[in-house]
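As a plain string of letters, each chain reads:
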Amino acid sequence: MKQAGDDCQMKGSKKRGMQMHLMMEMGIFALFFLAAPFVFSELWEGNGMKAGLILLLFYLALMYNFYRRIYLPITAIEKAVHGMVQEKPELELVDMKTKSSLYPLYHDLNTLMHTLEELASKEANARLMKKQAELDALQSKINPHFLYNTLESIRGQAIVYGLRDIEVMTQALSNLFRYSISSEGNMVALEKELNNINNYLMIQQYRFNNKFLYQSHIDEDTLGLQIPKLLLQPIIENAIYHGLETKVGKGTIAIRAYRTQKRLLIQIRDEGEGIPKEKLTAINDVLNNGKNSENAEKAGMNIGIANVNERIKLNFGQEYGLRIHSAQKVGTSVEFVLPCLER
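What comes next is a walk through the structure. (Residues numbered from 1 in each chain as written. Predicted model: local features only at pLDDT ≥ 70, side-chain atom pairs only at ≥ 80, totals over all residues. Heavy atoms only, no water.)

### A look at helix α10 (residues 303–316)
Stage number 1. Compared with the 20 Å implied by 1.5 Å per residue over 14 residues, the 20 Å span of α10 between its first and last C-alpha is a close match.
Stage number 2. If you check which residues of α10 are buried, you get Ile305, Ala306, Val308, Asn309, Ile312, Lys313 and Phe316. Projected down its long axis, α10 shows its buried positions confined to an angular sector of 165°, all on one face.
Stage number 3. In the stretch just after α10, Gly317 is the one whose phi turns positive, near 120°. (Helix = DSSP H or I, 4+ residues; strand = E, 2+ residues; numbered from the N terminus. Expected span 1.5 Å × (residues − 1). Buried < 20%, exposed > 50% of the residue type's maximum accessible area, 1.4 Å probe, protein only. Arc of directions from axis to C-beta.)

### Some thoughts on the packing of helix α6 (residues 190–207) against helix α7 (residues 233–244)
Stage number 1. Closest axis-to-axis distance for the α6/α7 pair is 10 Å, and the angle between their directions is 25°. The angle between α6 and α7 places the two elements in the roughly parallel class. When you trace α6 past α7, the crossing you get is right-handed. Here α6 contributes Glu193, Asn196, Ile197, Tyr200, Leu201, Gln204 and Arg207 to the contact with α7, which in turn contributes Gln233, Ile236, Glu237, Ile240 and Tyr241.
Stage number 2. Looking at the contact of α6 with α7, its residues break down into six nonpolar, three polar and three charged. (Axes fitted to C-alpha atoms, helices over the stretch in contact; angles between N-to-C directions. Parallel < 35°, antiparallel > 145°, perpendicular 65-115°, else oblique. Left-handed = near helix turned anticlockwise from the far one by under 90°. Contact = heavy atoms within 4.5 Å. Nonpolar A, V, L, I, M, F, W, Y, C, P; charged D, E, K, R; others polar.)

### Looking at the packing of helix α5 (residues 164–181) against α6
Stage number 1. Direction vectors running N to C along α5 and α6 enclose 140°, while the axes themselves pass 9 Å from each other. Relative to α6, the element α5 is oriented oblique. Read as a crossing pair, α5 and α6 show a hand that is left-handed. Contacts from Asp165, Val168, Met169, Ala172, Leu173, Asn175, Leu176 and Tyr179 of α5 reach α6 at Lys192, Glu193, Asn196, Asn199, Tyr200, Met202, Ile203 and Tyr206.
Stage number 2. Of the residues belonging to the contact of α5 with α6, the class tally is 10 nonpolar, three polar and three charged.

### Section: α5
The periodicity of an α-helix, 3.6 residues per turn, causes residues three or four positions apart to be oriented the same way.
Stage number 1. Taking 1.5 Å of rise per residue, the 18 residues of α5 would be expected to cover 26 Å, and the 26 Å separating its terminal C-alpha atoms lies within 8% of that figure.
Stage number 2. When we look at burial in α5, the residues that qualify are Glu167, Val168, Thr170, Ala172, Ser174, Asn175, Leu176, Tyr179 and Ile181.

### As for the packing of aromatic side chains
Stage number 1. The tally for this structure, following the rule as stated, stands at two aromatic pairs.
Stage number 2. Seen in terms of ring centroids, Phe208 and Tyr241 are 6.1 Å apart; in terms of plane orientation they differ by 70°. Their pairing is edge-to-face. With Phe208 in the loop between α6 and β2 (212–218) and Tyr241 in helix α7, this pair connects stretches of sequence that are 33 residues apart.
Stage number 3. The class of Phe208 is buried, set by a relative accessible area of 16%.
Stage number 4. Note on Phe316 and Tyr320: the rings are 6.3 Å apart at their centroids and 75° apart in plane angle, and the pair reads as edge-to-face. By the burial criterion, Phe316 is buried, and Tyr320 matches it.
Stage number 5. In this structure, Lys229 is placed above the aromatic ring of Tyr179, and the distance from its NZ or CZ to the ring centre is 5.3 Å. (Phe/Tyr/Trp six-rings, centres within 6.5 Å; stacked < 30°, edge-to-face > 60°. Lys NZ or Arg CZ within 6 Å of the ring centre and 35° of its normal.)

Structure, rendered in structure tokens:
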């Protein structure tokens, strides 16, 4: 670190030295241009022909030196700047010697040009990757659409034969697929996400023979707030399979949503088996520090929870995410901390 600091200091001193040298050169040029005509006039009037010729030659040499060391580099830089503006870079570093007073500026422009070229290349690659992702997403929707249409056909047959349970389950599953493959975008209203949860829980109720009760306490002013699509389902699924499935007797899953001035808080609570204290500490450590799925596995944490937490942090920042509270034989509460985003 010290060596790097010394190098930066040396480069800064060298750059300042070159700038001072450039200012001195330009000052001398200016002084000479102002004084030379008067000196030349005096020498000429005093019949100092020889001295006058020498002064003239010196004047011409000075002008040539000014042209080569000041004018040409400045025009080269001007050409480079115009090229950058017109997206046609025309900067050749070999034309500028390192001894030139303008070399630091020339070098910085050259670095800036290459940086802009790299950024443009990265942007072009990002656009290509986005386009490919859109094509892949479109392709991935073909099979789900086929399955969705098949489920609708099964539901139609169930209606014909009066099979109410099959009709309801098939309808709920069709709605789940339709929601998952819809092209609404990454963000949806909380109300739509909760409707999807209702369909999911309806299917699970049939599967587990009404093993759990579902309670919902949602403040009206939260329904229109935007959240990432399919954010709640993994946590609900986790509550069923790891909390209530092994529980003796029935349990309860409750969803609570309310808002503060700047945050949307969603709580999903189950009356399941709960999480041991040491494991809970390890899980919350992963959630708070935004660690990856490998750390989640080491903590004995469900990957679905880790992914949901990571999605929230990537979308909104490190101050948002999941918090988990749990007690064995009592239950678990997972709290979503999200920003209040209006549509």
